[in-house]
Amino acid sequence: MTTPGSSETIRFDVLVIGSGPAGQKAAVQSVKAGRRVAMVEQEPGVGGMCVHRGTIPSKTLRESAWQLSRLRRSSAMLDFTFKPGLEVASLMARLDEVVGAHVAYMGRQMARNGIHVFHGRAHFLSNRLIEVQSVDGSVRRLGGDTIFIATGSRPRTPAEIPVDHENILDSDSILSMLYLPASLTVLGGGVIACEYASIFAHLGVQVTMIDRADRPLKFMDAELVGKLVDDFERTGGRFLGERTVGSVEWDGASKVITRLATGEVIESDKMLVALGRAAAVEGLDLPAAGLRANARGLLEVDAHCRTVVPHIYAIGDVIGPPSLAATAMEQGRRAACHSLGLAPGSAAEMIPIGIYTIPEMASVGLSEDDAAKRFRGTPVMVGRGRFDEIARGQISGVQDGLLKLVADPSGTKLLGVHIVGEGATELIHLGQMALLAGTGVDAFIENIFNFPTLAEAYRVAALDILEKRR
Amino acid sequence: MSPGIESSPAPADPLRVAVAERLADGDLRLPLLPRVASQVVALVGSPQTDANRLAELIHRDPALAGHVLRIANSPAYMPRMPIVSLQQAVSRLGFNVVAEIAFAASVQSGVFKVPGYESVLLQLWRHALTSGAFAKEVARARRLNVEGAFLCGLLHAVGKPALLQLVTDVARARGLPLEPALLFALLDELHPLVGLRIGEQWGLPKPVLAAIEHYGSYGQAGAFRQDAMVTFLADRLATHILDAAVFGSDQAFRETPVIADLNLYPDDVANLLSRKDRVLDQVSAMVA
């Protein structure tokens, strides 16, 4: 039901639909250039799914899983066991505070910058006009010369999988479980699937991960992924690759039954369906703006994130992978720069990837395979620094990490850095800065790092390359 | 909140003072969680959830077993053929549904008993069941905890029957008149306190305790604010469905602030209201 609000159109220079990482950066960049900006968000607080259902909640659970996992490793000293019937809420006790603080901070940032935030659902009336419906049903019209669509994504659920948010869950509802299940089947092999699979495995849940591909995270370095899968299987998880799901059903009693094309049958208490994400564009009435989603449900854009309508940009998850918050932010900033006629700079080539599995994974620059392709068969040099070879790894009990430096065939120019192990998502930034500064491999040998630190792995990997150069 | 009752008696009312004294002294008989209900809760929360164990558990109480079978065969659950065994009921309706039926039925028999007030208790019981059913629907709409929502809705006012017993005892012992308006006002005002004590004694999960204590003041529910909001909206939906006079119209109901606080848009609310018949069928099956 809708009730009329103001029939007048409120004019802005820029409209941003969605307040996640992409929308925020586009809005801030635009307002700093003197534009009058309105942002529309359908949830009560700014931040988007990243804050309320995605990145921040899952990382809060991850932190608990990681701490508990470390305690369990010390069980000889502590006699540590999980309490039966552990409540999920008790593992996420700080979530409310974390989300509240983050939302408040972002709200202040929007206010400080003079961004007008409207709470409601937006849909296009034309390519320069949107209508916003509030939760109370009232509507208002906003007009803008430039529009950014940053509405994010929602879990993609194939029609044949009956997600009920009670037994068969998606990434929006997985954290709503009351108790930790004894067993969990995870469908998918992407970032979300791997993060939750590893987190729940470390919480003592019997996790079975099923994917079509032969290994999860195909876009990441195979050696790093191998380490992740090893850790997952050591904690009791099972990865079933190259499998196609025939059917999924709740048996009506106590189990989710998954039948695979191979004839295998997997039973579990709960299931997480993590088969990718679809752009959250339903309800936007894209045709009214002269837009339409492609066959995969995504908005297509050019190199500047511009849609087929030149003054409408699409940024973040609505345009598809990699669907990472950091990437979305950069897309927002660059798209806004383009709309303003400003040069965005070249830093975007060096956006790092961070995956919050247990152990963490991170990557920046060229992978070993990509580097080999660039040099057309001339072998590139790869140096490895294993966490079990450095003092901090031993002290902190994170011996199963690996840092790889990828260098050109001469072993001098740094091309990429890839890390698996606790602290990977922080450590990667050192490599990112080295790549941006063009310091070369030897900088890690010639300069002094704190001792003992995990960053020493850079030095060990660089020394490994030095050894190969001889 | 008691359906349809809006009253604010004078704070110095002697019955109110006497009841408050008894509560302050902790002089309150808390009902025990019926054995079957506590075992059902333990079974649902156990990693070794097992349909046969649930059927076995219900079988130990023949009256409960009969009750579950009757509900399983009711039109609300539309069995394609008669359900003649508990195992069959579990297999057809699902573990969780049968567990909910068994839990609710055993709570009703163990808690909702105050001689002379059968019609009030029936009213409270219908409200509890309706709230439980709607809580699941609200939770599903907001991608929140569906499995815990039923318990929150069902038990959010579990303090009322115990308080009813206390108030009637105090009135009788002191020879004080017990006007319905005062009775319901006291129930509305004090039941979260009593409900919380019962919930703690029963060892209910934290979100359920928070919902009992704070559903009417969900801003104070801390980390369980969402659970408390879901419970409050379920309570309001139950009131609206069971007693149309309270809100007067769907439009008036839609102005309940918790709807906006849960960020439910008009079409979301319309979807919830469209579940009315389904929910009432389920409640009728449980109450009949």
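### Quick word on the overall build of chain A
- Along chain A, the regular secondary structure elements total 14 helices and 22 strands.
- By the compact-globule yardstick of 23 Å for 470 residues, chain A fits well, its C-alpha radius of gyration being 24 Å.
- Seen through its C-alpha atoms, chain A measures out along the principal axes to roughly 70 × 60 × 40 Å.
- Expressed as a percentage of the 470 residues in chain A, the buried residues total 49%.
- Partitioning the intrachain contacts of chain A with sequence separation of at least 6 by distance along the chain shows that 67% fall at a separation of at least 24.

### Some remarks on helix H7 (residues 118-141) of chain B
All names here are of chain B.
- When the terminal C-alpha atoms of H7 are compared, their 35 Å separation across 24 residues agrees well with the 34 Å that a helix rising 1.5 Å per residue should span.
- For H7, the buried fraction is high: 17 of the 24 residues fall into the buried class.
- The positive-phi residue at the C-terminal boundary of H7 is arginine 143, with phi of around 55 degrees.

### Quick notes on the sheet that holds strand S9 (residues 183-187) of chain A
All names here are of chain A.
- Across the sheet, which stays open at both edges, the five strands sit in the order S8-S15-S9-S10-S11 with parallel pairing between neighbours. Looking at which strands have only one partner, the edges of the open sheet turn out to be strand S8 (168-170) and strand S11 (238-240). Going from strand to strand, the sheet's axes swing by 20 degrees on average, the running direction of each strand aside.

### What to know about the pairing of strand S21 (residues 402-407) of chain A
Residues and elements named next belong to chain A.
- By the criterion of burial, S21 is predominantly enclosed, with six of the six residues buried.
- The side-chain alternation of S21 yields two buried faces, one formed by Leu402, Lys404 and Val406 and the other by Leu403, Leu405 and Ala407.
- Two elements, strand S20 (residues 381-386) and S21, share six bridges in a ladder whose sense is antiparallel. Paired with glycine 385 across the two strands is leucine 403, which belongs to S21.
- Between S21 and strand S22 (residues 414-420), which follow one another and run antiparallel, lie six residues, and glycine 411 among them has a positive phi close to 75 degrees.

### Re the nonpolar core
- Ranked by size, the top nonpolar core spans 93 residues in total, and within it Ile58, Val68, Val98, Ala102, Val230 and Leu233 of chain B carry the most contacts.
- Membership of the second largest hydrophobic core comes to 83 residues, among which are Val186, Val191, Leu217 and Ala407 of chain A.

### Let's talk about the confidence of the model for chain A
- For chain A, the average pLDDT comes to 89, and 93% of its residues sit at 70 or higher.
- Taken element by element, the predicted model of chain A shows its lowest mean pLDDT in helix H4 (residues 75-78) of chain A (59) and its highest in strand S17 (residues 312-314) of chain A (98).

### Some words on the environment of glutamate 264 of chain A
- Structurally, glutamate 264 of chain A is set in the loop between strand S13 (256-260) and strand S14 (265-268).
- C-alpha separation for the pair glutamate 264 of chain A and tyrosine 179 of chain A, spaced 85 residues apart in sequence, amounts to 27 Å.

### Overview of unusual backbone geometry
All names here are of chain A.
- For the bond from isoleucine 358 to proline 359, the omega torsion is 0 degrees, close enough to zero to count as cis.
- Structurally, proline 359 can be placed in the loop between strand S18 (353-355) and strand S19 (361-365).
- One non-glycine residue, leucine 217, adopts positive backbone phi at about 50 degrees.
- Of note, leucine 217 is situated in the loop between strand S10 (206-210) and helix H8 (222-234).

About the criteria used
- For every chain, the first residue of its written sequence is number 1, and the numbers climb from 1 along that sequence.
- For naming, the first written chain is A and the first written ligand is 1, with later ones following in the order written.
- Given that this is a predicted model, residues contribute local features only at a pLDDT of at least 70 and side-chain atom pairs are listed and counted only at 80 or more, while totals for whole chains, interfaces and linings are drawn from all residues.
- A run of H or I in DSSP counts as a helix once it spans at least four residues, and a run of E counts as a strand once it spans at least two, with each numbered from the N terminus.
- Each radius of gyration reported is based on C-alpha atoms, and the globular scaling rule is 2.2 Å times the count of residues to the power 0.38.
- Residue burial is a threshold on neighbouring C-beta atoms within 10 Å of the residue's own C-beta, all placed from the backbone, with 20 or more meaning buried, 12 or fewer meaning exposed, and counts in between meaning partly exposed.
- C-beta atoms are first placed from the backbone for all residues, and any pair lying within 7 Å is then listed as a contact.
- Expected span of a helix, by definition, is 1.5 Å for each gap between consecutive residues, and there is one gap fewer than residues.
- Pairing between strands requires that DSSP locate at least two bridges from one strand to the other.
- Axis definition: a line fitted to C-alpha atoms, limited for helices to the stretch in contact. Angles are taken between N-to-C directions and run from 0 to 180 degrees.
- Remark: nonpolar core denotes a set of buried Ala, Val, Leu, Ile, Met, Phe, Trp, Tyr and Cys residues whose joining runs through C-beta atoms within 7 Å.
- Per-residue confidence from the predictor is reported as pLDDT, a score between 0 and 100.

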